[in-house]
Amino acid sequence: MNITIRQEQINDYKTTEDIVKKAFANMKFSDQKEHELVSRLRNTNEFIPKLSLVAISNDTIIGHILLTKIQITNDKQTSESLALAPVSVLPEFQSKGIGKKLIQEALKKAKELHFNSVIVLGHPTYYPKFGFKKASLWGIKAPFEVPEESFMALELKENALTSNSGVVEYSSAFFE
Ligand SMILES: CC(C)(COP(=O)(O)OP(=O)(O)OC[C@H]1O[C@@H](n2cnc3c(N)ncnc32)[C@H](O)[C@@H]1OP(=O)(O)O)[C@@H](O)C(=O)NCCC(=O)NCCS
């Protein structure tokens, strides 16, 4: 299957939201509102158009990934990072490596844009494939209750998180 990954365009917004909705439709952990989250995030300062990517097969969007700005804050400092959320692949195209391509491309782009790190709340067996480790290893905590092994971080630059312990602050769009 020939898959292209490219930046999402304004014309894609409706289609992308439909893909996100369908991807999460049967997920037990989901509130089935991830497509609304994507829509809200696009209207915030935390949105980075270059880090909203779509996967295309036969001129059709079949997947999407979004990385948005977050901050990691402690008593002494605030540092910028990225949240990987959400990532979506149409059910009929899942487990064919498309999620992997989207994640790899998004991480590559984030590095090119000089971001230092990425945080994800996700399945602890999926994200380590991309180098993610428990965020608690760096003393990084979520602003809500999460299973420790599901809250993960990735350094895009060596030792980027070494002195970055703190609590993650997400865009307010995540809590609306
Ligand atoms: C998660 C998701 C984006 C992965 O995309 P994908 O194209 O199916 O993934 P890939 O083909 O690259 O990888 C597939 C592998 O990931 C595993 N996998 C997929 N979703 C997983 C999940 N939620 N938890 C753990 N493993 C998962 C599959 O079992 C498969 O493993 P295998 O290769 O050993 O068979 C896609 O399954 C999806 O859209 N799921 C619904 C939405 C969702 O849960 N998003 C992630 C939370 S933000």
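Residues take numbers from 1 onward in each chain, read along the sequence in its written order. Two thresholds apply to this predicted model, a pLDDT of at least 70 for residue-level local features and 80 or more for giving and counting side-chain atom pairs, whereas whole-chain, interface and lining totals are computed over all residues. Hydrogens and waters are ignored; side-chain quantities use all the structure's heavy atoms.

1. Remarks on the overall build of the chain
As a reminder, the rule being used: In this description a helix means any DSSP run of H or I spanning at least four residues, a strand means any run of E spanning at least two, and both kinds are numbered starting from the N terminus. Radius of gyration means the value over C-alpha atoms here, while the globule rule gives 2.2 Å times the residue count to the 0.38 power. Here's how the labels work: a residue is buried when its accessible area is under 20% of the maximum for its type, exposed when over 50%, partly exposed in between, all with a 1.4 Å probe on protein chains only. Only heavy atoms matter for contacts: two residues are in contact if any of them lie within 4.5 Å across the pair. Calculation of accessible area relied on Shrake-Rupley with a 1.4 Å probe; when residues are assessed, cover is drawn exclusively from the protein chains displayed. Residues scored as positive are Lys and Arg, those scored as negative are Asp and Glu, and His as well as the terminal groups of each chain are ignored. Note that the charge is assigned to NZ on lysines, CZ on arginines, CG on aspartates and CD on glutamates.
Helix and strand counts for the chain stand at three helices and nine strands. Along the chain direction, N to C, the helices and strands of the chain fall in the order β-α-α-β-β-β-α-β-β-β-β-β. In terms of C-alpha radius of gyration, the chain reaches 15 Å, essentially the compact-globule figure of 16 Å for 176 residues. C-alpha extents for the chain along the principal axes are approximately 50 × 30 × 30 Å. Here the chain holds 176 residues, and 45% of them are scored as buried. Long-range pairs, those at least 24 residues apart, make up 67% of the contacts in the chain between residues at least 6 apart in sequence. As presented, the chain carries roughly 9,700 Å² of accessible surface, and 47% of it is formed by carbon and sulfur atoms. Computed over 22 positive and 21 negative side-chain charges, the separation of the two mean positions in the chain equals 5 Å.

2. Points about the nonpolar core
To keep things clear, this is the line we draw: Here the nonpolar core consists of buried residues drawn from Ala, Val, Leu, Ile, Met, Phe, Trp, Tyr and Cys, with membership extended through side-chain atoms lying within 4.5 Å.
Counting 33 residues, the largest nonpolar core has Ile65, Leu67, Leu84, Tyr127 and Phe132 as its most contacted members. Counting only elements with at least two residues in this core, the list comes to strand 2 (47-57), strand 3 (60-73), strand 4 (78-89), helix 3 (98-112), strand 5 (117-121) and strand 8 (151-155). Other than its neighbours up to four places away in sequence, Ile65 contacts Leu51, Ser52, Leu53, Leu84, Pro86, Val87, Leu102, Ile103 and Ala106. Of all hydrophobic cores here, the second largest spans 13 residues; its members include Ile70, Leu161, Val168 and Tyr170.

3. Brief notes about the site of the ligand
What counts here: Nearness is defined per residue: one heavy atom within 4 Å of the molecule or strand is enough. We call two N or O atoms a polar contact when they sit within 3.5 Å, provided that within protein one can donate a hydrogen and the other can accept it, with sequence-adjacent residues counted only if both atoms are side-chain atoms.
Contacts to the ligand come from 19 residues, most closely from Val89, Ser95, Gly97, Gly99 and Lys100. In the environment of the ligand, an oxygen atom lies 2.7 Å from a nitrogen or oxygen atom belonging to the backbone of Gly99. The protein chains hide 70% of the 860 Å² of surface that the ligand would expose on its own. When contributions to the shell around the ligand are tallied by element, the ones reaching two or more residues are helix 1 (13-24), strand 4 and helix 3.

4. A closer look at the side chain of His64
Mapped onto the secondary structure, His64 falls in strand 3. Here Ser52 takes part through its side chain, which lies 3.0 Å from a polar atom of the side chain of His64.

5. As for unusual backbone geometry
Omega for the bond connecting Ala85 with Pro86 falls within 30 degrees of zero, at -10 degrees, which places this linkage in the cis form. In this structure, Ser95 is a non-glycine residue whose phi angle is positive, near 60 degrees. Its location among the elements puts Ser95 in the loop between strand 4 and helix 3. Of note in this structure, His114 is not a glycine but carries a positive phi near 70 degrees. In this structure, His114 sits in the loop between helix 3 and strand 5. Residue His114 is classed as exposed on the basis of its relative accessible area of 62%.

6. Describing a nonpolar patch on the surface
The cut-off we apply is this: Within this analysis, patches are made of residues with over 30% relative accessible area and no salt bridge. Like charges are joined at 9 Å or less; nonpolar side chains (Val, Leu, Ile, Met, Phe, Trp, Tyr) at 5 Å or less. Each reported salt bridge corresponds to a side-chain nitrogen of Lys or Arg within 4 Å of a carboxyl oxygen of Asp or Glu.
Taken together, the side chains of Leu121, Phe144 and Phe175 define a hydrophobic patch exposed on the protein surface, amounting to about 280 Å² of accessible area. Mapping Phe144 onto the fold places it in the loop between strand 7 (140-141) and strand 8. What makes Phe144 partly exposed here is its relative accessible area of 30%.

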